[in-house]
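Residues per chain, in single letters:
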Amino acid sequence: MSSPCDPQHAPAGDVGAALMMIDSRLKAIYDGRSETDAEQQALTDQFAVSLGPRGVDDLLDGACTLIYMFMQWLRMAYEDHDKDVIEYVVPNLVATMGMMPKSVRPEAIPTMAGLLVAAGTGLSPSLWRKQYGDWTMDEMNPLEATAFLLAEHINRLTDDRDFATRMITEALTRADEG
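Residues numbered from 1 in each chain as written. Predicted model: local features only at pLDDT ≥ 70, side-chain atom pairs only at ≥ 80, totals over all residues. Heavy atoms only, no water.

A. Spatial organisation of the overall build of the chain. In terms of helices and strands, the chain carries seven helices and zero strands. Reading the chain from its N terminus to its C terminus gives the helix and strand order α-α-α-α-α-α-α. Classification of the 178 residues of the chain by burial places 42% in the buried group. Partitioning the contacts of the chain with sequence separation of at least 6, the portion at a separation of at least 24 is 73%. In the form shown here, the chain has an accessible surface area of approximately 9,900 Å², with 55% of it arising from carbon and sulfur atoms. (Helix = DSSP H or I, 4+ residues; strand = E, 2+ residues; numbered from the N terminus. Buried < 20%, exposed > 50% of the residue type's maximum accessible area, 1.4 Å probe, protein only. Contact = heavy atoms within 4.5 Å. Areas by Shrake-Rupley, 256 points an atom, 1.4 Å probe, with all protein chains shown as cover.)

If you want it as structure tokens, here you go:
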């Protein structure tokens, strides 16, 4: 029986724009800029405003698609070592988000944990979230943090700072060619 949260029913969204934002954050951290500088934040805010309401929805769906793709890659990687992705990834990311009170409010952490579990069990994060209503402004930073932390986790596992971004870029290229 197919779930209403099956990824085949979910919009992919603007994966490229979501990936660009995550990659930008990764590069800033890797370059030693742990705080978002005012100029970068202004550009990010300007970009978000330029998208308009439909564009923001596409960006949110794109971020959820990234989370799904990252969790599927992690699921396969952990299963290759007879480990469960939920057991090894979700507690780690939840603990990390708990140490980020400026970016991730504590009340958003259970939603992000649920999003990770949904993606890790093969459900669409965006359709899973939609069951509970529209995204809130308080969930925007936690959603970005979740995608960022997953990408960074993959990069650490592979010992390659660009692996997660490259993996998605290659998947998008193959999809365009097919």
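Having seen the structure, we can now continue with the description.
B. Region of the structure containing helix α6 (residues 140-158). Here α6 spans 28 Å end to end across 19 residues, near enough to the 27 Å set by a 1.5 Å rise per residue. For α6, the buried fraction is high: 14 of the 19 residues fall into the buried class. (Expected span 1.5 Å × (residues − 1).)

C. Structural detail: the packing of aromatic side chains. The final tally for this structure, using the stated rule, is three aromatic pairs. Between Trp73 and Phe163, the aromatic rings sit 5.4 Å apart at their centres with planes inclined by 55°, giving tilted as the arrangement. One end of the pair, Trp73, is in helix α2 (residues 38-79); the other, Phe163, is in helix α7 (residues 163-177), with 90 residues separating them in the sequence. Note on Phe163: relative accessible area 22%, which makes it partly exposed. For the pair Tyr78 and Tyr88, a centre-to-centre distance of 5.6 Å together with 15° between the ring planes defines the contact as stacked. One end of the pair, Tyr78, is in helix α2; the other, Tyr88, is in helix α3 (residues 85-98), and 10 residues separate them in sequence. According to the relative accessible area criterion, Tyr88 is partly exposed, its value standing at 36%. Taking the ring centre of Tyr88 as reference, the NZ or CZ of Lys83 above it sits at 5.1 Å. Geometry around Trp135 places Arg129 over its ring, the cationic atom sitting 5.2 Å from the centre. (Phe/Tyr/Trp six-rings, centres within 6.5 Å; stacked < 30°, edge-to-face > 60°. Lys NZ or Arg CZ within 6 Å of the ring centre and 35° of its normal.)

D. Spatial organisation of the nonpolar core. Membership of the largest hydrophobic core comes to 46 residues, with the highest contact counts inside it found for Ile67, Phe70, Met71, Leu143 and Leu150. Only α1 (15-30), α2, α3, α4 (109-120), α5 (125-130), α6 and α7 provide two or more residues apiece to this core. Not counting the four nearest positions on each side in its chain, Leu150 is found in contact with Ile67, Phe70, Met71, Leu74, Val89, Leu93 and Leu116. (Core = buried A, V, L, I, M, F, W, Y, C linked by side-chain atoms within 4.5 Å.)

E. Quick look at the side chain of Thr165. Assignment of secondary structure puts Thr165 in helix α7. Looking at Thr165, the relative accessible area reads 13%, which means it is buried. Ignoring anything within four residues of it in the chain, the contact list for Thr165 reads Leu19, Asp23 and Leu26.

F. Geometry of the pattern of salt bridges. The tally for this structure, following the rule as stated, stands at eight salt bridges. Note that Asp23 is salt-bridged to Lys27, the shortest N-O span being 3.3 Å. On the criterion of helical spacing, the pair formed by Asp23 and Lys27 is a turn pair, its members being four residues apart in helix α1. When its relative accessible area of 16% is taken as the criterion, Asp23 is described as buried. Lys27 gets classed as partly exposed once you look at its relative accessible area, which sits at 36%. Note that Arg105 and Glu107 form a salt bridge whose closest N and O atoms lie 2.6 Å from each other. Accessibility expressed as a relative area gives 42% for Arg105, which makes it partly exposed. Using a relative accessible area of 49% as the deciding quantity, one classes Glu107 as partly exposed. (Salt bridge = Lys/Arg side-chain N within 4 Å of Asp/Glu carboxyl O.)

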